[in-house]
Amino acid sequence: MGVSVLIYSEKITPRLTYIFDIVFKSILQFDYVEFTTDINVVNNFDGAVINYSQQKINNKLQIIPCPILFEEKITPQQISIEQWNNLPVFFKTNDGDFPFDLMGAAFYLITRYEEYFSITPDNHGRFSANNSLAYKHNFFFFVLIHHYAFCI
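To keep things clear, this report deals only with the structure shown in the data block. Quick caveat: nothing in here was measured; it's all calculated off a predicted structure. (Residues numbered from 1 in each chain as written. Predicted model: local features only at pLDDT ≥ 70, side-chain atom pairs only at ≥ 80, totals over all residues. Heavy atoms only, no water.)

## Points about the nonpolar core
Quick note on the threshold: The criterion is simple. A nonpolar core is a set of buried Ala, Val, Leu, Ile, Met, Phe, Trp, Tyr and Cys residues joined through side-chain atoms within 4.5 Å. Buried residues are those whose accessible area, probed at 1.4 Å on protein chains only, stays under 20% of the maximum for their type, while exposed residues exceed 50% and partly exposed ones sit between those limits. A run of H or I in DSSP becomes a helix once it reaches four residues, and a run of E becomes a strand once it reaches two; helices and strands are each numbered from the N terminus.
I19, F20, F24, M103 and Y148 are the most contacted members of the largest nonpolar core, which totals 39 residues. Of all the secondary-structure elements, those providing two or more residues to this core are β1 (4–8), α1 (14–27), β6 (87–89), α3 (102–110), α4 (133–136) and α5 (144–151). L6, Y8, V42 and F45 belong to the second largest nonpolar core, which has 6 residues in total.

Next up, the structure:
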C-alpha cells in the first residue's frame, strides 16, 4: 500500500482538491489523497491528516485557510510578502502550524492567478513577467511551490 493522506476541510471545492492533488500527488509523490468534511472520519483515520480549517483538531497538522480556495470567481487578492524560514510567503494567517496559507499561496502561484488582472501587457498583449509577484520579490527563478510542499 502506498502513502496516503486525509485532508479535512469544512468545505471541499474544485480549487482545494486541485491544489492538494498537485502538492501531494505530483510534488510529494503520495499515492492517495482523500478529502472529508466529516470530523468523525478524521478521528477514525489511521494515517496522516491535514486539517485545512479554522477548527482545532488535536494532534493534526493545521493549515489555516484564506478564502481563495473556497471562492468560485477570480477576484483580486491582497498580497503582502513576508519572510518565513527564508522563504517569501503571503496569505498570512494566525495560529495553525504555519503562519500563512501555503496551499492558497501555492494555488495562486501555480494557476498564475495574477495574470487575470494584468493592466500593462507586453508588446504582444501578454502578461509581462516584470509585473509578476515573483519577479518583483526576487523569487522568479525559484520553485517556491516545491519549497512550500516540502515544509509539510
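So that's the structure; there's more coming.
## Side note on α3
Quick reminder of the rule: In this analysis, two residues are considered to be in contact whenever any of their non-hydrogen atoms come within 4.5 Å of each other.
Of all 9 residues in α3, 8 are buried, a share of seventy percent or more. Those residues of α3 that fall on the buried side of the exposure criterion are L102, M103, G104, A105, A106, F107, Y108 and L109. Looking at the buried side of α3, the elements it contacts are α1, α4 and α5. Phi turns positive one or two residues past the end of α3, at R112, with a value near 55°.

## Quick look at the packing of α1 against α3
Here is the rule: Angles here are taken between N-to-C directions and fall from 0 to 180 degrees, while the axes themselves are lines fitted to C-alpha atoms, restricted in helices to the stretch in contact. Reported orientations rely on four angle classes, namely roughly parallel under 35 degrees, roughly antiparallel over 145, roughly perpendicular from 65 to 115, and oblique for the rest. In the scheme used here, Gly and all other residues not listed as nonpolar or charged are polar, with Ala, Val, Leu, Ile, Met, Phe, Trp, Tyr, Cys and Pro taken as nonpolar and Asp, Glu, Lys and Arg as charged.
As a packed pair, α1 and α3 sit with axes 10 Å apart at the nearest point and diverge in direction by 90°. On the basis of their axis angle, the class for α1 and α3 is roughly perpendicular. Here α1 contributes R15, Y18, I19, F20, I22 and V23 to the contact with α3, which in turn contributes M103, A106, F107 and I110. Residue classes in the contact of α1 with α3 are distributed as 9 nonpolar, no polar and 1 charged.

## A word on the pairing of strand β3 (residues 48–51)
This is how it is decided: Note on pairing: DSSP must find at least two bridges between two strands before they are called paired.
Of the pairings in the sheet, the one linking β1 to β3 comprises 4 bridges and is parallel in character. Across the sheet, residue L6 finds its bridge partner in β3, namely V49. Examined bridge by bridge, β3 and strand β4 (residues 61–62) share 2 bridges and lie parallel to one another. Bridging across to β4, N51 finds its partner in Q62.

## A word on unusual backbone geometry
With a phi angle near 50°, N85 is a residue other than glycine that sits in the positive phi range. Tracing the backbone through its elements, the reader meets N85 in the loop between β5 (82–84) and β6. Classification of N85 by relative accessible area gives exposed; the value is 55%. The phi torsion at R112 lies on the positive side, around 55°, for a residue other than glycine. Among the structural elements, R112 can be located in the loop between α3 and α4.

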